[in-house]
Amino acid sequence: MASSREIKRRIRSVKNVAQITRAMEMVSASKMRRAQRNVVATRPYAESMRQLIAELTGRIVGTGRKGTLLEVQPESGKVGLIVVTPDRGLCGSLISNVQRQTGRFILEQNKAGNQVESFTYGKKGRDFLVRSGQKVIAETMKLGDAPSLEQVLGVAQAALARVQTGEYSEVYIVYSEFVNTLVQRPALKRLVPVETPEAGGAPRLDFTYEPSQEELLEELLPRYVETQIYQAVLESIASEHSARMVAMRNATKSAKDLARELTLTFNKARQAAITKEVSEISSGANALADG
Amino acid sequence: MPVHLEIVTAERQIYSDEVDLISAPTRDGRVGILPRHAPLLTILQPGELTIVKDGTRTPFAVSGGFMEVLPDRVTILADTVERADDIDATRVEAAIKRAEELRQSAQTDQEMALAEAKLRKEMVRLQVMRMREIGRRQ
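Residues numbered from 1 in each chain as written. Chains lettered and ligands numbered in written order. Predicted model: local features only at pLDDT ≥ 70, side-chain atom pairs only at ≥ 80, totals over all residues. Heavy atoms only, no water.

## A look at the overall build of chain B
Each helix and strand in chain B was counted, giving two helices and ten strands. Judged by the C-alpha coordinates and their principal axes, chain B covers about 50 × 35 × 25 Å. Counting across all 138 residues of chain B, residues that qualify as buried make up 44%. Once local pairs closer than 6 in sequence are excluded, the contacts in chain B between residues at least 24 apart make up 49%. Split by element, the accessible area of chain B, about 7,300 Å² in all, is 47% carbon and sulfur. For chain B, the centre of its 20 positive side-chain charges and the centre of its 23 negative side-chain charges are spaced 3 Å apart. (Helix = DSSP H or I, 4+ residues; strand = E, 2+ residues; numbered from the N terminus. Buried < 20%, exposed > 50% of the residue type's maximum accessible area, 1.4 Å probe, protein only. Contact = heavy atoms within 4.5 Å. Areas by Shrake-Rupley, 256 points an atom, 1.4 Å probe, with all protein chains shown as cover. Lys, Arg positive; Asp, Glu negative; His and termini not counted. Charge placed at Lys NZ, Arg CZ, Asp CG, Glu CD.)

## Quick word on the packing of helix 1 (residues 4-41) of chain A against helix 6 (residues 213-290) of chain A
All names here are of chain A. Interhelical geometry of helix 1 versus helix 6 gives an angle of 160 degrees and a closest axis separation of 7 Å. As far as their axial angle goes, helix 6 and helix 1 are roughly antiparallel. Considering only the axes of helix 1 and helix 6, their crossing is left-handed. Considering only residue class, the contact of helix 1 with helix 6 consists of 21 nonpolar, ten polar and nine charged. (Axes fitted to C-alpha atoms, helices over the stretch in contact; angles between N-to-C directions. Parallel < 35°, antiparallel > 145°, perpendicular 65-115°, else oblique. Left-handed = near helix turned anticlockwise from the far one by under 90°. Nonpolar A, V, L, I, M, F, W, Y, C, P; charged D, E, K, R; others polar.)

## As for the packing of aromatic side chains
What the rule picks out here adds up to four aromatic pairs over all chains. The interplanar angle of 55 degrees and the centroid separation of 4.8 Å between the aromatic rings of A:F105 and A:Y172 together place this pair among those described as tilted. Here A:F105, found in helix 3 (residues 94-111), pairs with A:Y172, found in strand 4 (residues 170-178); they are 67 residues apart in sequence, far enough to count as distant. Neither A:F105 nor A:Y172 differs from the other in exposure class; each is buried. Ring centres of B:Y15 and B:F60 lie 5.8 Å apart, and the angle between their planes is 80 degrees; this geometry places the pair in the edge-to-face category. Taken together, the residues span a long stretch of sequence, with B:Y15 in strand 2 (residues 13-19) and B:F60 in strand 7 (residues 56-62) at a distance of 45 residues. Both residues of the pair, B:Y15 and B:F60, count as buried. (Phe/Tyr/Trp six-rings, centres within 6.5 Å; stacked < 30°, edge-to-face > 60°.)

## Some thoughts on a nonpolar patch on the surface
Residues and elements named next belong to chain A. Taken together, the side chains of V179, L182 and V183 define a hydrophobic patch exposed on the protein surface, amounting to about 250 Å² of accessible area. As for its position among the elements, V183 is in the loop between strand 4 and strand 5 (184-192). A relative accessible area of 34% means that V183 is categorised as partly exposed. (Patch = residues over 30% accessible without salt bridge, like charges linked within 9 Å, V, L, I, M, F, W, Y side chains within 5 Å. Salt bridge = Lys/Arg side-chain N within 4 Å of Asp/Glu carboxyl O.)

## Observations concerning helix 1 of chain A
Relative to the 56 Å expected for 38 residues at 1.5 Å per residue, helix 1 of chain A spans 56 Å between its end C-alpha atoms, a close match to the ideal helical length. Within helix 1 of chain A, the full set of buried residues consists of A:I7, A:I11, A:V14, A:A18, A:T21, A:E25, A:S28, A:A29, A:M32, A:A35 and A:V39. (Expected span 1.5 Å × (residues − 1).)

## What to know about the interface of chain B and chain A
At the interface, 26 residues of chain B touch 28 residues of chain A. Regarding the contact of chain B and chain A, the summed buried area is about 2,400 Å², with carbon and sulfur atoms giving 64% of it. At the surface where chain B touches chain A, the tally comes to two salt bridges. When the shortest N-O distance is used, the salt bridge between B:D79 and A:R223 registers 2.6 Å. Summed over the shared surface of chain B and chain A, the result is eight residue pairs in polar contact (both at pLDDT 80 or more). Of all the secondary structure elements, the ones that give two or more residues to the side of chain B that touches chain A are strand 5 (40-44), strand 8 (65-70), strand 9 (73-78) and helix 2 (109-137) of chain B. Looking at the side of chain B that touches chain A, the element that brings in the most residues is strand 8 of chain B, giving five residues. Per-class residue counts for the side of chain B that touches chain A are twelve nonpolar, six polar and eight charged. Pairing between strand 6 (residues 208-210) of chain A and strand 5 of chain B: three bridges, direction parallel. Across the sheet, residue A:Y209 finds its bridge partner in strand 5 of chain B, namely B:L41. (Buried area = accessible area lost by both parts, 1.4 Å probe. Polar contact = N/O pair within 3.5 Å; in protein donor to acceptor, adjacent residues only side chain to side chain. Pairing = 2+ DSSP bridges.)

## With respect to the environment of A:T181
All names here are of chain A. Locating T181 in the fold gives a position in the loop between strand 4 and strand 5. For the pair T181 and S242, spaced 61 residues apart in sequence, the C-alpha separation works out to 5.4 Å. Those residues within four positions of T181 in sequence are excluded, and the remaining contacts are M32, S242, M245 and V246.

## With respect to the side chain of A:E117
With respect to the secondary-structure elements, A:E117 resides in strand 2 (residues 115-121). When neighbours within four sequence positions are excluded, A:E117 is seen to be in contact with A:K78, A:V79, A:G80, A:L81, A:K135, A:I137, A:E167 and A:Y168.

## Considering the domain arrangement of chain B
All names here are of chain B. With domains assigned, chain B is organised as domain 1 (3-84) and domain 2 (87-137). On a C-alpha basis, the centres of domain 1 and domain 2 stand 22 Å from each other. Taken residue by residue, the interface counts twelve residues in domain 1 and seven residues in domain 2. For the pair domain 1 and domain 2, the summed buried area comes to about 840 Å², and 69% of that belongs to carbon and sulfur atoms. Per-residue buried area on domain 1 facing domain 2 is highest for E48, E82 and A84; these three make up 49% of the total on that side. Linking domain 1 with domain 2 are zero salt bridges, by the criterion used here. At the junction of domain 1 with domain 2, the criterion picks out zero residue pairs in polar contact (both at pLDDT 80 or more). Contributions of two or more residues to the side of domain 1 that touches domain 2 are made by strand 6 (47-53), strand 7 and strand 10 (81-83). Partitioned by chemical class, the residues of the side of domain 1 that touches domain 2 number six nonpolar, three polar and three charged. (Domains from an automatic or database assignment.)

Here it is in structure tokens:
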């Protein structure tokens, strides 16, 4: 059995760990709340945009001309992939889940004869792709907890520009979908060609379009895709913080359990030492009395 | 009978209220929207967006976006927008300078495009601010 001094040192270090993880849990909890608010704040814009596009695509169907981002492009043998991950670890299985999804997607595409080129938000995804020898075209790191749209646009536009030149036939995005505090799911979505949103039940009005419907749609679509990317980044941030909060809560609990166990061991060892001493003294006294 | 106006950006909702008049810079020229306007969908260009409510004018600087007009409701999907009162002259001038430097030193098309977009946005802010000053003097 370890000496009581060693056990005491371990108890102290475990308790220190518990204190740190507890602090991290609380920090993540407040960051998560803010991140969730940011996600919700983007919804009115995204919803309006979705409705407009649904409305416009519904009308243009007959004319045969659509925005490039909507059309199925001829196979180019190249596919763009946007990977959204946190910069930092210590958030449970979130990062490895996204990485696994990414890896699976790349393998599938390669099997189908498509080359995948990547665009990344966050350090972890970038490191993973670079390590596994993938081509990373553009990357953004250190976005912070509440990135502005402008910060997110650079990488997004680099990917979209390659669609417009016909280099990519499709663009996908992998990120961590924020379901709730306990559940974050790795999600893979196709961004381009844009999936036409369903028109709501609202009655159709006779709009005046300035300029033409086609031109409007062509202006709307890139923004629609950018908004989706922006939302994915924000959801990923909310996921990161809630995953970290849960991971840290578990870590705090484990550390406390361990400290309790160690305290028990320490007490036993102390008791054993005392018993031993007492028995030594009493046997010594007995020996003296016998002599 | 006022019209309900909502101004939203990709980041958040900026404005939501009943207003009497909206004057917006569209790509084909400035339009004024009164309540019960015919349905219209149009592209905004960088410029000044003015709202009149109970006789008070509130100018905004908008950098582009879309405007959906319904008889009782107007939704502006702005790329970026800010209240003219919030614009700070010295900061705008500094930003313009920075954007110009960025344009000078741009290596790739992407950087160039970004710098030009920034410059355009700052110019609009400056312009809106100047108009605001003229308005005050009158």
